[in-house]
Amino acid sequence: MAAMQAAPLGDDVYGEDPTVNTLEHKVAALFGMEAALFCPTGTMTNQLAIRVHTQPGEEVICDKLSHIYLYEGGGIALNAFASVRTLDGDLGRLTAKQVEAAINNPEDIHQPLSRLVSLENTVNKGGGSIYDFEEIKRIKAVCTANGLILHLDGARLFNALVETEQSPKDYGQVFDSISICLSKGLGCPVGSLLIGTNELIKRAKRFRKVMGGGWRQAGGLAAAGIYALDHQVDRLKDDHRRAKAIGSLLQNNTKIKSVYPVTTNIVIAELKEGMDSMAFVSQLKERGILAVSFGKQLVRFVTHLDVTDQDVIFLEQQLNF
Ligand SMILES: *Cc1c(COP(=O)(O)O)cnc(C)c1O
């Protein structure tokens with residue numbers, strides 16, 4: 001809050017908000033990419049990328065659990081008029097083989113032209129699963145060989161980064177565009193950035209304006225982002241430790257059938273036969289625990305910077321009803 005209040009402001013539609021400019025330069029440099037664009041949401045940064053990378057009728061290849069497909073209101077069709085090919089990966093993660101097999105023959109006029117591959121890391125619906133970076137590089141090689149563009153929905157990329165050996169620059173070298181969120185584990189009120197070439201960002205800025213996303217004195221929000229990048233990345237490991245603790249609590253609970261592998265800050269539990277996730281979530285809510293239904297028998301728990309070790313103990317006490 002102090003960082004937000006102290007931020008110098010200007011009109012970002014004219015490129016004159018110094019704090020927004022600082023954040024955009026900081027993030028572009030962090031990933032070793034040319035430019036970045038600060039936006040209100042990750043949905044907007046993903047949708048801008050898809051809009052800029054594709055022509056109407058061209059095809060986006062992604063996993064069937066992807067946020068861009070499941071949770072962005074059909075935006076691939078609505079904003080970019082693009083076709084989608086969903087693949088059945090491992091907890092939301094594709095292999096290079098799967099991607100290669102899904103590429104349409106560009107000479108066959110029956111088939112949409114494959115244009116863009118979009119990966120998600122970590123995968124929300126996969127229980128926060130992390131991509132193997134070697135597989136990402138193999139997917140990149142398939143893209144390069146076939147003239148496809150590679151986008152990353154990195155809403156939770158920092159959760160993957162603190163658990164693996166790669167740096168943001170490694171990702172910047174492989175992807176044509178990256179979307180990151182400041183509002184998830186990093187704890188900002190709002191904010192996402194699209195990162196890519198100068199040309200990509202220039203075109204994205206035009207579409208952002210059309211979507212009504214040209215914002216004025218956004219520097220207060222950008223200041224929160226700068227603070228988060230400087231102070232809230234390393235502590236994501238604490239979230240992961242607590243998520244693992246929650247995973248074992250759930251594993252040992254009589255109402256739970258199984259728990260997805262816990263590797264980052266998301267815990268997805270499958271309830272036993274005959275139990276309804278909506279009912280379970282509202283019972284939890286009555287006991288002061290907020291979780292979300294993630295399917296008929298699936299419940300998602302997420303740890304973040306406002307969840308403490310005490311809260312994990314509280315959860316353990318409340319789970320026995
Ligand atoms: C949260 C999230 C987004 C962006 O969501 P917004 O609420 O629009 O910021 C994108 N992708 C994934 C995987 C997410 O979890």
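Residues numbered from 1 in each chain as written. Predicted model: local features only at pLDDT ≥ 70, side-chain atom pairs only at ≥ 80, totals over all residues. Heavy atoms only, no water.

Draft legend 1. Looking closely at the domain arrangement of the chain. We note that the domain assignment places domain 1 (2-231) and domain 2 (236-319) within the chain. Its C-alpha centre places domain 1 at a distance of 28 Å from the equivalent point of domain 2. On the side of domain 2, 14 residues touch domain 1, which itself brings 18 residues to the contact. Looking only at domain 1, the three residues that lose the most surface to domain 2 are G127, N159 and E163, adding up to 31% of its buried area. (Domains from an automatic or database assignment. Contact = heavy atoms within 4.5 Å. Buried area = accessible area lost by both parts, 1.4 Å probe.)

Draft legend 2. Highlighting the sheet that holds strand β10 (residues 292-293). Read from one edge of the open sheet, 4 strands run β8-β9-β11-β10, paired in antiparallel fashion. The strands lining the two open edges of the sheet, one partner per strand, are β8 (256-259) and β10. Here β10 pairs with strand β11 (residues 298-302) via 2 bridges, running antiparallel. Within β11, the position partnered with V292 by the bridge is R300. The strands that helix α12 (residues 236-251) touches are β8, β9 (266-271) and β11; relative to β9, the one it contacts most, it runs at about 10°. (Pairing = 2+ DSSP bridges. Helix = DSSP H or I, 4+ residues; strand = E, 2+ residues; numbered from the N terminus. Axes fitted to C-alpha atoms, helices over the stretch in contact; angles between N-to-C directions.)

Draft legend 3. Just the site of the ligand, in detail. Taken together, the neighbourhood of the ligand is formed by T41, G42, T43, N46, H67, E72, E120, D153, A155, R156, C181 and K184. H67 is positioned with one of its side-chain polar atoms (N or O) 3.4 Å from a nitrogen atom of the ligand. Against a free-state accessible area of 380 Å², the protein chains account for coverage of 84% of the ligand. Among the residues forming the shell around the ligand, the class breakdown is 2 nonpolar, 5 polar and 5 charged. (Near = heavy atom within 4 Å. Polar contact = N/O pair within 3.5 Å; in protein donor to acceptor, adjacent residues only side chain to side chain. Areas by Shrake-Rupley, 256 points an atom, 1.4 Å probe, with all protein chains shown as cover. Nonpolar A, V, L, I, M, F, W, Y, C, P; charged D, E, K, R; others polar.)

Draft legend 4. Molecular detail of helix α7 (residues 133-146). The terminal C-alpha atoms of α7, which comprises 14 residues, lie 20 Å apart, in line with the 20 Å expected from a rise of 1.5 Å per residue. Where α7 starts, the residue carrying a side-chain oxygen 3.0 Å from the main-chain nitrogen of E134 turns out to be D132. Phi for G147, located one or two positions after α7, is positive at around 65°. (Expected span 1.5 Å × (residues − 1).)

Draft legend 5. Spatial organisation of the pattern of salt bridges. As enumerated under the stated definition, the model contains 16 salt bridges in all. When the shortest N-O distance is used, the salt bridge between K26 and D230 registers 2.7 Å. Pair noted here: K26 is in helix α2 (residues 18-30) and D230 is in helix α11 (residues 219-231), with a separation of 204 residues, a long-range link. (Salt bridge = Lys/Arg side-chain N within 4 Å of Asp/Glu carboxyl O.)

Draft legend 6. Here's a closer look at the pairing of β8. In this sheet, β9 lies alongside β8 in antiparallel orientation, the contact comprising 3 bridges. From the neighbouring strand, I256 faces β9, where its bridge partner is L271. Count of turn residues in the β8/β9 antiparallel hairpin: 6 residues.

Draft legend 7. Highlighting a nonpolar patch on the surface. On the surface, Y69, L70 and Y71 cluster together to form a nonpolar patch covering roughly 270 Å² of accessible area. Mapped onto the secondary structure, L70 falls in helix α4 (residues 67-70). Residue class for L70 comes out partly exposed when judged on its relative accessible area of 35%. (Patch = residues over 30% accessible without salt bridge, like charges linked within 9 Å, V, L, I, M, F, W, Y side chains within 5 Å. Buried < 20%, exposed > 50% of the residue type's maximum accessible area, 1.4 Å probe, protein only.)

Draft legend 8. Layout of the sheet that holds strand β6 (residues 177-181). Read across the open sheet, the 7 strands follow the order β1-β7-β6-β5-β4-β2-β3; overall the sheet is mixed. Strands with a single pairing partner mark the edges of an open sheet, and in this sheet they are β1 (35-39) and β3 (83-87). When strand polarity is set aside, the average angle formed by the axes of neighbouring strands in this sheet is 20°. The sheet contact formed by strand β4 (residues 114-120) and strand β5 (residues 149-154) spans 5 bridges and is parallel. Directly across from L119, in β5, lies its bridge partner L152. Along the sheet face, α2 touches β1, β6 and β7 (192-196) and points at about 130° away from the line of β1.

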